[in-house]
Amino acid sequence: MYKTTRNEYSMTPALQHSKAVLAIVGRPNVGKSTLFNRIAGRRIAIVHEEPGVTRDRVSTMATWRERTFEVIDTGGISFLDEEKTQDVLAAATRAQAEVAMEAATAIIMVVDVTEGVVPLDLEIARKLRASGKPILLAVNKADNNRRAGGASEFSQLGFDQTFAIAAVHGTGVTELLDAATKDFPTGAVEETARPTRIAIVGRPNVGKSSLINAILKDDRTIVSDIPGTTRDSVDVPFTLNEKPYLLVDTAGLRHPRKIKTSVDQFGLMRAERSIRECDIAVLVLDAVAGVTKQDKKIAGQIAEAGRGCTVLVNKWDLAAEQEQKTEAGKRKEESGKWRAKGGRNRPKTFREEYEKALRRELFFLDWAPVLFASARTGQNLEKLFDQIATIEQEMTRRVETPQLNRLLIRALDSYPPPYVGGKRFKIYYAFQRASQPPTFRLFVNHASCLTSHYERFLIDKIRAAWGFAGCPIILECRQRERRRLVKAR
């Protein structure tokens, strides 16, 4: 836990409070994600014939015969002996699977009937038997009678409950789930508040997974220096001061020319969908690299989707160290000049200059607050959820119709819109719609006469009056020929 002067942040991952947990484990490419999606009732995990697509734990809540539980998909275990691999991603994937097995109420081990029993299956089975937990063996890809008959070969793994299934078709999954959940508690699910969905987005290797782990104080997602470590969007439910949140760790958004495989393409599609479906997006930037073209593209996607947003400049500890080494003398000299002038025109700090340059590059997200932080040291992370709470409030802010119309009248009078095609833009009436993001409907004479420059001017006036920090503002024009709004007294 970390503390601020106002709140104590107590973060609880979902794995710690779920009543029942069903974990799916096995070696790579045996169909674990297919079975996970089948149990979940929708496509959550990426399914692909390439081994090792799933790396992080992917979880969701599922219900079967009035039993509600958490089901976890794990990455394929490719080894059990630490000395057998130097692959850091394989080791991290195995560690994630072990965490899921430890938290599980029951475990489904998935094997491939088309490949038969392999040595790694025997090793995994041996480890699972030692756990003392209920283990069910799912012999997958048994989509015909001949293959189903081959399930008997897996009796040598030593499990009492063996089920021949075809996860892709759903064959045998009913019997498997009946047995797996028979001891799970039944009853109505308690109504809980809808969690705020927060998408952590950015380029590859800017520290998105490290940020989530730092927030949770737990190695919930795999972190490495290898770009593209996260290949799918991973939902991480947790609570903060008794308020539910759902963090979404996304695959790094690459330029289309750098996407080499269909798995990367799927990850990109999931990440883009996470932006569209989230409540608030946290755009993570690399403080050392600065704003890149890809950062601008991602920021544009957030703005286009109309999502609330905060910009988090990660690795600020590294940027600050660099600044201290290169500009200490320069700041001292400028500070001396400033004092000589009587304290006027104070020189800008490195952080102020950095934010000014960032705002210039991301001018279309100038309404998003900026936080300088470090996932490695935890610097300023406690402020992130203060910003998120503020944005949530701003997204629901309502402006009274008379106040809105008075402001727009004053704006049009103080700075009349330009003529377009011999016509000038006029507003007859305006009100705020009950929707998110904040949307204002304007009844106007000619919608085509509203230039982008003047639209920005009106939005700036609305922000100056009512804030809406961290929220995009949308103006909807409805063309209507009627007398102009009479000025309010």
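Up top is the structure.
Fair warning: this is a prediction, and the values are worked out from it, not measured in the lab. (Residues numbered from 1 in each chain as written. Predicted model: local features only at pLDDT ≥ 70, side-chain atom pairs only at ≥ 80, totals over all residues. Heavy atoms only, no water.)

Caption draft 1: Representation of helix α1 (residues 32-40) in the model. When you tally the buried positions in α1, you get eight out of nine residues, the bulk of the element. K32, S33, T34, L35, F36, N37, I39 and A40 are the residues of α1 that are buried. Where the residues of α1 are buried, they touch β4 (21-25), β5 (58-64), β6 (67-73), β7 (106-112) and α5 (173-180). A positive phi of about 85 degrees marks G41, the residue just after α1. (Buried < 20%, exposed > 50% of the residue type's maximum accessible area, 1.4 Å probe, protein only. Helix = DSSP H or I, 4+ residues; strand = E, 2+ residues; numbered from the N terminus. Contact = heavy atoms within 4.5 Å.)

Caption draft 2: Inspection of the nonpolar core at higher detail. By size, the foremost hydrophobic cluster in this structure holds 50 residues, and its most contacted members are L312, F385, L458 and I462. Sorting elements by how many residues they give to this core places helix α13 (residues 452-466) first, with six residues. Judged by nonpolar contacts, the second largest core, of 26 residues, contains I72, I77, V118 and I135. (Core = buried A, V, L, I, M, F, W, Y, C linked by side-chain atoms within 4.5 Å.)

Caption draft 3: Seen up close, the packing of aromatic side chains. Tallied over the entire structure, the rule returns 15 aromatic pairs. When the centroid spacing of 5.1 Å and the interplanar angle of 80 degrees are considered together, the rings of F363 and F364 count as edge-to-face. Classification of F363 by relative accessible area gives partly exposed; the value is 49%. For F364, a relative accessible area of 27% puts it in the partly exposed group. Ring centres of Y429 and F431 lie 6.5 Å apart, and the angle between their planes is 40 degrees; this geometry places the pair in the tilted category. On the basis of relative accessible area, Y429 is assigned to the partly exposed category, the value being 31%. Each member of the aromatic cluster is reached from another via a ring pair, and the members are W316, F350, Y354 and F372. Against the face of Y245 rests K243, its NZ or CZ located 5.5 Å from the ring centre. (Phe/Tyr/Trp six-rings, centres within 6.5 Å; stacked < 30°, edge-to-face > 60°. Lys NZ or Arg CZ within 6 Å of the ring centre and 35° of its normal.)

Caption draft 4: Focus on unusual backbone geometry. Q436 connects to P437 through a cis peptide bond whose omega is 0 degrees. Tracing the chain through its elements places P437 in the loop between β18 (427-432) and β19 (439-444). One non-glycine residue, K141, lies in the positive phi region at around 70 degrees. The topology assignment puts K141 in the loop between β8 (135-140) and α4 (145-149).

Caption draft 5: Structural context of the sheet that holds β5. Pairing within the open sheet is mixed, and its six strands lie in the order β5-β6-β4-β7-β8-β9. Strands at the two margins of the open sheet, each flanked by one partner only, are β5 and β9 (162-164). Here the average twist between neighbouring strands, direction ignored, is 25 degrees. Bridge analysis of β4 against β7 gives four bridges, and the strand direction is parallel. Counted as the bridge partner of V25 is M109 from β7. Of the strands in this sheet, β4, β5, β6 and β7 touch α1, which is tilted by about 160 degrees from β6. Each of β4, β7 and β8 is contacted by helix α3 (residues 119-131), which is oriented at about 170 degrees to β7, the strand it contacts most. (Pairing = 2+ DSSP bridges. Axes fitted to C-alpha atoms, helices over the stretch in contact; angles between N-to-C directions.)

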